[in-house]
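Residues per chain are reported as follows:
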Amino acid sequence: MNRTQWRMALSVGFTFMGTIVGAGFASGQEILAFFTRFGKASYAAIALAMVLFGVVGSRILLLGAALDGRSSRSLTLHLLGPRIAPVVDATMGLMLFGVTVAMLAGAGALFEERLRLPFSLGVIVTAVLCYLTVLFGLGGIMKANDIIVPLMMLTSAWISFHHFGPRSIAFDLIPLSPWSSATSAVSYAAFNIGLSASVFIPLGRQIRDPRVLRAGAWIGAVGMGFMLLCANAALSRYWPGIADLELPMGRLASELHPGVHACFIAVLWGEIYSTLIANVFGLIHLVQDLGRRIHPGTIAVLLLVAAFFVSRVGFSNLVHALYPFFGYVSLLLLFLLLWPRRLPNS
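Quantities reported herein were computed from a predicted structural model and do not represent experimental measurements.

Participant: Just give me the short version of the overall build of the protein chain, but keep the residues and values in it.
Facilitator: Secondary structure assignment for the protein chain yields 13 helices and 0 strands. Element order for the protein chain, N to C, with α for helix and β for strand: α-α-α-α-α-α-α-α-α-α-α-α-α. When the 346 residues of the protein chain are sorted by exposure, 55% land in the buried category. Counted over contacts in the protein chain with a minimum sequence separation of 6, partners at least 24 positions apart contribute 85%. Split by element, the accessible area of the protein chain, about 15000 Å² in all, is 68% carbon and sulfur.

See the structure below:
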């Protein structure tokens, strides 16, 4: 590939990472739940998740180009057919909206707890910036991630390497079956890939170049693996004392220079923002593909206003009820994407 193609692949990789990460990743909660608690086996689990991100992520991007897909609906129709696809589409739409609400609530909590500013201000500022970004379409999302993701990787590495020590790798927990860590890695990859398909499909459609898409997917997968390894190594050093903390990574960051702590807060907000714009973008195109020819700006306003009000009253019960079902759907999609088959028109 030439220099222009490598630059585009890097941008695809950054968008890949920015779509997957969110408040759960930046706070450390997801890493503790899916990896750190498995002890030394967590490193093998991270390697497995990284490979799945690369293999399945590149498959979705290539399908986006081959299907000329505008949203995840193209993927579900291709994999599941017209009878089952609508059920999966509705489930994915609800989950995208649920995560949108969670991201706005997370932004409000970040403003309130870390900056001592009103909860509503954090939600409104984040929602307005999200609206302005999605108006520029996929190009706006890619440009935002070109800035956010490198800062996110640098800050994560800085925090993690500062806390790295012998206990970060050489520690044991209560013996667990190797299948437990492997299952956790597959679940983590499936869930995140399922949600990210709403951006990966139109991203593949826009880029189209197979070499760029494959390289971008693996750049994103290796980048995710790097960030997971860094955070897991640091969190492992303090396990299990940090198991009950709301922001375990924040606890690690608070021990460093105040400037680093400020960077962590900015990165945490950036990860919330990057996931939010990806979800809203995916929902806009899903609504349009379902036959609702509404202007993208109008859909974005309606979604964000609805999410703002729901974030005030809570969405946890619905999200907790839907998560198990969406987990099964994501595993089904992962299995179908891994199943050997030729790409359309190939």
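And the narrative resumes.
Participant: Outline the environment of Gly327, supporting the account with residue identities and numerical values.
Facilitator: Position of Gly327 relative to the elements: it lies in helix α13 (residues 316-338). Taking the C-alpha atoms as reference points, Gly327 and Phe191, separated by 136 residues in sequence, lie 5.9 Å from one another.

Participant: Break down helix α5 (residues 72-114) for me, with residues and values.
Facilitator: Between its first and last C-alpha, α5 extends only 36 Å over 43 residues, short of the 63 Å set by a 1.5 Å rise per residue. Where α5 ends, the next residue or the one after it, Arg116, has phi of about 55°, a positive value.

Participant: Which residues make up the nonpolar core, and what are the values?
Facilitator: Grouped together as the largest cluster of nonpolar side chains are 106 residues, with contacts concentrated most on Phe53 and Met224. Beyond its immediate sequence surroundings of up to four residues, Phe53 is in contact with Phe16, Ile20, Ser58, Tyr188, Ala189, Asn192, Ile193, Ala221 and Met224.

Definitions and limits used
Residues numbered from 1 in each chain as written. Predicted model: local features only at pLDDT ≥ 70, side-chain atom pairs only at ≥ 80, totals over all residues. Heavy atoms only, no water. Helix = DSSP H or I, 4+ residues; strand = E, 2+ residues; numbered from the N terminus. Buried < 20%, exposed > 50% of the residue type's maximum accessible area, 1.4 Å probe, protein only. Contact = heavy atoms within 4.5 Å. Areas by Shrake-Rupley, 256 points an atom, 1.4 Å probe, with all protein chains shown as cover. Expected span 1.5 Å × (residues − 1). Core = buried A, V, L, I, M, F, W, Y, C linked by side-chain atoms within 4.5 Å.

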